[in-house]
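Chain by chain, the residues:
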Amino acid sequence: MELKTILFDFDGTIADTLPAAFDAFRYVFKKYDGKEMTDEDIVQYFGPIEDEMLRKHLEHKDKLNQAIEDFYEQYEKGHDREFEGLEKIQEMLEQFKEMDLNLGIVTGKSRRSLTFSLEALGIYDYFDVTIAGDDVKNPKPDKEGVEKCMKLLQNKPSEVLFVGDSESDMAAGAAAGVKTAAAQWFSTVQTSEFKTEPDYTFTSISDFCQYIEDHHQAKKEKKIH
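What counts and how
- Residues numbered from 1 in each chain as written.
- Predicted model: local features only at pLDDT ≥ 70, side-chain atom pairs only at ≥ 80, totals over all residues.
- Heavy atoms only, no water.
- Helix = DSSP H or I, 4+ residues; strand = E, 2+ residues; numbered from the N terminus.
- Rg over C-alpha atoms; globule rule 2.2 N^0.38 Å.
- Buried < 20%, exposed > 50% of the residue type's maximum accessible area, 1.4 Å probe, protein only.
- Areas by Shrake-Rupley, 256 points an atom, 1.4 Å probe, with all protein chains shown as cover.
- Lys, Arg positive; Asp, Glu negative; His and termini not counted.
- Charge placed at Lys NZ, Arg CZ, Asp CG, Glu CD.
- Salt bridge = Lys/Arg side-chain N within 4 Å of Asp/Glu carboxyl O.
- Polar contact = N/O pair within 3.5 Å; in protein donor to acceptor, adjacent residues only side chain to side chain.
- Axes fitted to C-alpha atoms, helices over the stretch in contact; angles between N-to-C directions.
- Parallel < 35°, antiparallel > 145°, perpendicular 65-115°, else oblique.
- Left-handed = near helix turned anticlockwise from the far one by under 90°.
- Contact = heavy atoms within 4.5 Å.
- Nonpolar A, V, L, I, M, F, W, Y, C, P; charged D, E, K, R; others polar.
- Pairing = 2+ DSSP bridges.

1. Some thoughts on the overall build of the protein chain
Line of reasoning, step 1. When helices and strands are tallied, the protein chain shows nine helices and six strands.
Line of reasoning, step 2. Relative to the globule expectation of 17 Å for 225 residues, the C-alpha radius of gyration of the protein chain, 18 Å, shows essentially globular dimensions.
Line of reasoning, step 3. Principal axes of the C-alpha set define a box for the protein chain whose edges measure 65 × 35 × 30 Å.
Line of reasoning, step 4. Going through the 225 residues of the protein chain one by one, you find that 49% of them count as buried.
Line of reasoning, step 5. A total of about 11,000 Å² of accessible surface is found on the protein chain, and carbon and sulfur atoms cover 45% of it.
Line of reasoning, step 6. Averaging the coordinates of the 28 positive side-chain charges in the protein chain and doing the same for the 46 negative ones gives two points 5 Å apart.

Structure follows, in structure tokens:
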């Protein structure tokens, strides 16, 4: 693998924003439908962007527009806390940019929530390309988002690594023909056992950074010789 680009999922991979999303969905389903939702219940709805999830699953459709606004308000409030591993993620992104690697995001999140999170966490400017759920017709596990990134960055599949924490991430990467890495470094992950086996699994950010550093160094030495 002649690595030129690392693509990341967002929730549970770049930032531990899943608790904020879970709490926001819980709030909305409780307020409008009187439903008590667990994290596992909410994960079953994942796939389309947040607006579409609510459009599909909220029972009181007459309240949909207000429910969507309530979701985003609660989601944004969920950023008023300490984020697990944020400093290490920032250091990782800084390290990879110093290596002249392209960085991208392929997420099922809406453009609205992705942009807010990236800006709130101070990491917006690290990414060369971001593909949100609004930007594709077919969300992960479809390969469309990964292929859009490759086209924008003019990459071949052999030059790309896709990192994520869910089965849909691994399936999307495999379908696009790129190497995949399972990120299992946050307390909250979407998938712990994969049907689509990742090429690599990392349980700490530091181990992942070391792997990329070693790979980068080996490539440099190969060029010298």
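2. Examining the pattern of salt bridges
Line of reasoning, step 1. By the definition in use, this model includes 16 salt bridges.
Line of reasoning, step 2. The partner of K30 in a salt bridge is E36, and the shortest N-O contact between them spans 2.8 Å.
Line of reasoning, step 3. The exposure class assigned to K30 is partly exposed, which follows from its relative accessible area of 43%.
Line of reasoning, step 4. Looking at E36, the relative accessible area reads 60%, which means it is exposed.
Line of reasoning, step 5. Across the pair K97 and D128 runs a salt bridge, and its minimum N-O distance is 2.7 Å. With a gap of 31 residues between them, K97 in helix α5 (residues 86–98) and D128 in the loop between α6 (111–120) and β3 (129–131) connect regions that are remote in the sequence.

3. Here's the deal with the side chain of S166
Line of reasoning, step 1. Along the chain, S166 turns up in the loop between β4 (160–164) and α8 (167–176).
Line of reasoning, step 2. Given the relative accessible area of 4%, S166 is considered buried.
Line of reasoning, step 3. Looking at S166, its side chain comes within polar contact range of the side chain of S168, at 2.9 Å.
Line of reasoning, step 4. Among the polar contacts made by the side chain of S166, one reaches the side chain of D169 at a distance of 3.0 Å.

4. Description of the packing of helix α1 (residues 18–33) against helix α3 (residues 50–57)
Line of reasoning, step 1. At their nearest, the axes of α1 and α3 sit 12 Å apart, and the two run at 30° to each other. When the interaxial angle is binned, α1 and α3 end up roughly parallel. In the crossing of α1 with α3, the sense of the turn from one axis to the other is right-handed. Along its contact with α1, which presents F25, V28, F29 and D33, the element α3 presents E50, M53, L54 and H57.
Line of reasoning, step 2. Its residues placed into classes, the contact of α1 with α3 shows five nonpolar, one polar and two charged.

5. Observations regarding the environment of T115
Line of reasoning, step 1. Here T115 shows up in helix α6.
Line of reasoning, step 2. T115 sits in the partly exposed class, given a relative accessible area of 22%.
Line of reasoning, step 3. Between the alpha carbons of T115 and P198 there is a distance of 28 Å; along the sequence they are 83 residues apart.

6. Structural notes on the sheet that holds β4
Line of reasoning, step 1. If you trace the six strands from one edge of the open sheet to the other, you get β3-β2-β1-β4-β5-β6, paired in parallel fashion. Each having just a single partner strand, β3 and β6 (200–202) make up the two edges of the open sheet. With direction set aside, neighbouring strand axes in the sheet form an average angle of 20°.
Line of reasoning, step 2. Sheet analysis places strand β2 (residues 102–106) next to β3, joined by three bridges and oriented parallel. Pairing of I105 across the sheet is with T130, part of β3.
Line of reasoning, step 3. Relative to the sheet, α6 contacts β2 and β3, its axis offset from that of β3 by approximately 140°.

Keep in mind that these numbers describe shape and distance, not what the molecule does.
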